[in-house]
Every structure is written in C-alpha cells, then in structure tokens.
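Structural characterization, general
Listed here are the chains, written in short residue letters.
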Amino acid sequence: MQLLTDLTQIAAVAAANENENDAFRIFLKQQDSGTIDAIVHDVNAEVTPQIDCTKCGNCCRSLMINVTPEETLSLALHLNEKIEIVKEKYIEISAEGQMIVNTIPCHFLADSSCTIYENRFTECREFPHLHKENFTGRLFGTLMYYALCPIIFNVVEALKEKLEFKY
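Every chain's residues receive numbers from 1 upward, in the order its sequence appears when written. Two thresholds apply to this predicted model, a pLDDT of at least 70 for residue-level local features and 80 or more for giving and counting side-chain atom pairs, whereas whole-chain, interface and lining totals are computed over all residues. Hydrogens are left out, water is left out, and the side-chain values use all remaining heavy atoms of the structure.

1. Let's talk about the pattern of salt bridges
- One speaks of a salt bridge when a side-chain nitrogen belonging to Lys or Arg is within 4 Å of a carboxyl oxygen belonging to Asp or Glu. Inspection of every chain in the model, using the stated rule, returns five salt bridges.
- Residue K55 is joined to D52 by a salt bridge in which the shortest nitrogen-to-oxygen separation is 3.5 Å.
- Relative accessible area serves as the criterion here: at 65%, K55 is assigned to the exposed category.
- A salt bridge links K132 to E126, with the nearest nitrogen and oxygen atoms 3.0 Å apart.
- Each member of the salt-bridge network shares a partner with another, and the members are E20, E157 and K160. Throughout this description, buried means an accessible area under 20% of the type-specific maximum (1.4 Å probe, protein chains only), exposed means over 50%, and partly exposed covers the range between.

Encoded structure:
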C-alpha cells in the first residue's frame, strides 16, 4: 500500500474529496458496522506503523484534549511541579467539571513533537481512535480530521478501495 504523508498534498486531496467523502459516509452507514470495524482495524494495523506521528503533530495543533484527575497528577509528577501549579498553567475546568488542556495548540507541542510523549494523555495515546469499535458511529468526528491526520486519510482511502466504493 502506497501511503500519502505529505500534509499539503493530503489537504489538497481532502478538499477535492469533500463530496466523495460525504457520499462515502452515507455508504458506510448502510454497511454492517461489525464488518466495517474489522476492516478498519486491519487497515489501521497496516497503516499506523508506517506513519511517524512525531513528524506531524497536527492533532496537537487542533484537538481539545480531555484530561482525567489521574493524568493531571501524573503530569505534575512528570514535570516535578505541584498539582495546583499544573492545573493553573495547563488545565481548564468546564462548567460541567470536565478537565481539558487549556490551549490549542497543546502546551506540550514543540515543533511537531510532544515534549511529554511518554507521559501523554489517554486521548492523545488513542487518537485517531481507529482501533475502537463503532467506526461508523464516529464517522463525523473521524472525517473532520481526514484532511489533518495522515493515518485517518490513508485508512479512509484504503477502506474505499477495500469496499470497492465508487463515487
């Protein structure tokens, strides 16, 4: 499988594929979700090891990251700072009490690399969530990052091929 990883090219193809992807989303909703999950998991397992996320960082430039209390404590320990200081500097609490990283792009992005990579948050570790079940239930969010994430882009394009989708 030949992968496209150049972010400028991916953005251009994504813009050209906007209507096609809308049709593909509708097509996928009509398929058996378990079958789609199995195919996505296989394709993701093939694509992901070939892409070095630390050379990109687009997710860190655009995602709102939820953080758990345990992750905040772990970050404080990692940074060797008091938890109150970490919360003040890096965390915002929503009206509903949800903790999120308080800036986009993320504080911990330097160039295209995460400065706390080994200690990064669960949402960061799990992005782009292609290993999870219910791919068709998350299509809207996934396709929002199609133009920004080489993994999502390549998995979606391979999925079109595997399903012999014609626009």
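That was the structure; now back to the text.
2. Focus: the environment of H107
- Numbering of helices and strands starts at the N terminus; helices are DSSP runs of H or I of at least 4 residues and strands are runs of E of at least 2. You can see H107 is positioned in the loop between β3 (99-101) and β4 (109-110).
- For the pair formed by H107 and K89, sequence separation is 18 residues and the distance between their alpha carbons is 9.3 Å.
- It only takes one pair of heavy atoms within 4.5 Å for two residues to be counted as in contact. Ignoring sequence-local partners within four residues, the contact set of H107 consists of K89, Y90, V101 and N102.
- At 3.4 Å, the side chain of H107 and the backbone oxygen of K89 are in polar contact.
- A distance of 2.4 Å separates the side chain of H107 from the side chain of N102, its partner in a polar contact. Counted as a polar contact is a pair of N or O atoms within 3.5 Å, where, for protein atoms, one must be capable of donating a hydrogen and the other of accepting one, and residues adjacent in sequence contribute only when both atoms are in side chains.

3. Quick word on helix α9 (residues 150-162)
- Expected span of a helix: the number of residues minus one, times 1.5 Å. For α9, spanning 13 residues, the distance from its first C-alpha to its last is 18 Å, which sits close to the expected 18 Å at 1.5 Å a residue.
- Most of α9 sits inside the fold, with ten of its 13 residues counted as buried.
- For α9, the set of buried residues is P150, I151, I152, F153, N154, V155, V156, A158, L159 and K160.
- Following α9 by one or two positions, E164 has its phi on the positive side, about 55°.

4. Concerning helix α5 (residues 69-79)
- For α5, the set of buried residues is E71, T72, L75 and A76. Seen from one end, α5 has its buried residues packed into an arc of 140°, which puts them on one side. Those residues of α5 that are exposed and aimed more than 90 degrees away from the buried face are E70 and L77.
- Summarising the contacts, the buried residues of α5 are in contact with β1 (66-67), α6 (83-90), β2 (91-93), β3 and α7 (122-126).
- Downstream of α5 by one or two residues, N80 has phi in the positive range, about 60°. Directions from the helix axis toward the C-beta atoms define the arc.

5. Digging into the side chain of N21
- Among the secondary structure elements, N21 is positioned in helix α2 (residues 18-29).
- If we ignore the near neighbours within four places in the chain, the residues touching N21 are L143, Y146, V156, E157 and K160.

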